[in-house]
Amino acid sequence: MTWLWGSSPCAAWWRGAAVSDTLAEKGPEKGPEKGPLMRWRAPLIWLSLLLLLAAGMAWLEPLFRWLEPGTRQVIYPHADFLVLLWRHLLVVAVASLLAVLLGVGAAVLVTRPAGRDFLPLVAQFASMGQTFPPVAVLALAVPVLGFGTWPIIVALLLYGLLPIVRNTLAGLEGLDDGVMEAARGMGMSAGQRLLQVELPLAAPVILAGIRTSVTVNIATAALGATVGASNLGAPIISGIVNGNTAYVLQGAVLIGLLALCVDSAFERLQRELGHPGR
């Protein structure tokens, strides 16, 4: 009887091992890239629910009537919910933009050789801004800025600095020394290294801080209604004052949906930076 190597168990094992080694070298197969709509489906779903509820709150009057059977008015009547949503988003956007400019700018300055001595001061100032209660900031800002939108913008600005400063410092300080040496070896100037190497590599960490800051400020912005700012906090404050749970629920649900929409958009953006197309 002739012994054949090709049909032996050892040969089968050898072929299997060779195939495994080949697959290990190639790495796991990548699935097909998803289209833009599929990748952004979660933020779009939350956005659709938010706009649908803001535009059609009156359709839910029977539900709120069941919740508050003894109340004559169960749908907040003093402003359109779409207008309140736009004003709320505008306040958060302005405060967050200022916080990003100040937070990232300050973190960049104190990570340069000329500004190293101010690093502890900037970190402590950012920490103090978040530990200071927003209500106290409003109380101090109203005599200077008056009632309205500006006091809550100042409060949100101070409250949103810490995550941005902290993450920007972590992102810039955590860069590989070898990468920085390679950039210097290529003859890049300090400005080119910052714009083309440091900030792009630190972007995911910085974006995570901005995500935290913006999401928290969406909820905190409701306090602006206590000093005359017109936003989604107005139904909540009115409901608390008048003992109307329906008003409170309307403002709270819209703020929650807005936070989910923005947070999921930031999550998608972080994934795009890390793994484009997935």
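Asker: Help me out: how do you make sense of the side chain of Ser 213 in this one?
Answerer: Examined against the element boundaries, Ser 213 turns out to sit in helix α11 (residues 190-220). Classification of Ser 213 as buried rests on a relative accessible area of 3%. Among residues more than four places away in sequence, those in contact with Ser 213 are Gly 160, Pro 163 and Ile 164.

Asker: Looking at this structure, I do not really get the confidence of the model for the protein. What am I missing?
Answerer: Low pLDDT marks stretches whose predicted atomic positions should not be read closely. Of the residues in the protein, 85% have a pLDDT of 70 or more, and the chain-wide mean is 84. The secondary structure element of the protein with the lowest average pLDDT is helix α1 (residues 9-26), at 45, and the one with the highest is helix α5 (residues 81-110), at 94. Here residues 1-6 is a poorly scored stretch, pLDDT under 50, and it has five contacts once near neighbours within four places are set aside; other chains count. Contacts from residues 8-29, a stretch scored under 50 in pLDDT, to residues over four places away or in other chains number five contacts.

Asker: Would you mind going over a nonpolar patch on the surface with me for this structure?
Answerer: On the surface, Leu 52, Trp 59, Leu 60, Leu 63, Trp 66, Leu 67, Leu 249 and Val 253 cluster together into a nonpolar patch covering about 850 Å² of accessible area. Residue assignment for the nonpolar patch shows that the elements contributing at least two residues are α4 (61-67) and α13 (245-274). If one sorts the elements of the nonpolar patch by residue count, α4 sits on top with three residues. For Leu 63, the location among the structural elements is in helix α4.

Asker: What is the right way to read the packing of helix α9 (residues 161-173) against α11 from this model?
Answerer: As a packed pair, α9 and α11 sit with axes 8 Å apart at the nearest point and diverge in direction by 155 degrees. Between α9 and α11, the angle is such that the two are roughly antiparallel. The crossing of α9 and α11 is right-handed. Listed contacts from α11 to Pro 163, Ile 164, Asn 167, Thr 168, Ala 170, Gly 171 and Leu 172 of α9 are Glu 198, Leu 199, Ala 202, Val 205, Ile 206, Ala 208, Gly 209, Ile 210, Thr 212 and Ser 213.

Asker: Honestly, the nonpolar core in this entry has me stumped. Any pointers?
Answerer: The nonpolar side chains of soluble globular proteins are, as a tendency, buried together. Met 57, Phe 81, Ile 152, Val 214, Ile 218 and Leu 254 are the most contacted members of the largest nonpolar core, which has 52 residues in total. Contributions of two or more residues to this core are made by α3 (41-55), α5, α7 (134-145), α8 (150-159), α9, α11, α12 (233-242) and α13. Ignoring anything within four residues of it in the chain, the contact list for Leu 254 reads Leu 50, Leu 53, Ala 54, Met 57, Phe 81 and Leu 232.

Asker: Hey, could you run me through the packing of helix α6 (residues 119-131) against α9 in this one?
Answerer: Two packed helices can be described by the angle between their axes and the distance between those axes. For the pair α6 and α9, the least separation of the axes is 7 Å and the interaxial angle reads 150 degrees. In terms of orientation, α6 and α9 fall into the roughly antiparallel class. Residue-level contacts link Leu 119, Val 122, Phe 125, Ala 126, Ser 127 and Gln 130 of α6 to Leu 161, Leu 162, Pro 163, Val 165 and Leu 169 of α9. Its residues assigned to classes, the contact of α6 with α9 comprises nine nonpolar, two polar and no charged.

Asker: Honestly, the packing of aromatic side chains in this entry has me stumped. Any pointers?
Answerer: Within a pair of aromatic rings, the relevant descriptors are the distance that separates the centres and the angle that separates the planes. In the structure shown here, the tally under the stated rule is two aromatic pairs. Ring geometry for Tyr 76 against Phe 81: centres 6.3 Å apart, planes inclined by 55 degrees, an arrangement best described as tilted. Look at Tyr 76 and you get buried, because its relative accessible area is 10%. Taking relative accessible area as the criterion, Phe 81 reaches 4% and is therefore assigned buried. Judged by centre distance (5.5 Å) and plane angle (90 degrees), the ring pair of Tyr 76 and Tyr 247 falls under edge-to-face. Pair noted here: Tyr 76 is in the loop between α4 and α5 and Tyr 247 is in helix α13, with a separation of 171 residues, a long-range link. The structure contains a cluster of three or more aromatic residues connected by ring pairs, namely Tyr 76, Phe 81 and Tyr 247.

About the thresholds
Residues numbered from 1 in each chain as written. Predicted model: local features only at pLDDT ≥ 70, side-chain atom pairs only at ≥ 80, totals over all residues. Heavy atoms only, no water. Helix = DSSP H or I, 4+ residues; strand = E, 2+ residues; numbered from the N terminus. Buried < 20%, exposed > 50% of the residue type's maximum accessible area, 1.4 Å probe, protein only. Contact = heavy atoms within 4.5 Å. pLDDT = per-residue confidence, 0-100. Patch = residues over 30% accessible without salt bridge, like charges linked within 9 Å, V, L, I, M, F, W, Y side chains within 5 Å. Areas by Shrake-Rupley, 256 points an atom, 1.4 Å probe, with all protein chains shown as cover. Salt bridge = Lys/Arg side-chain N within 4 Å of Asp/Glu carboxyl O. Axes fitted to C-alpha atoms, helices over the stretch in contact; angles between N-to-C directions. Parallel < 35°, antiparallel > 145°, perpendicular 65-115°, else oblique. Left-handed = near helix turned anticlockwise from the far one by under 90°. Core = buried A, V, L, I, M, F, W, Y, C linked by side-chain atoms within 4.5 Å. Nonpolar A, V, L, I, M, F, W, Y, C, P; charged D, E, K, R; others polar. Phe/Tyr/Trp six-rings, centres within 6.5 Å; stacked < 30°, edge-to-face > 60°.

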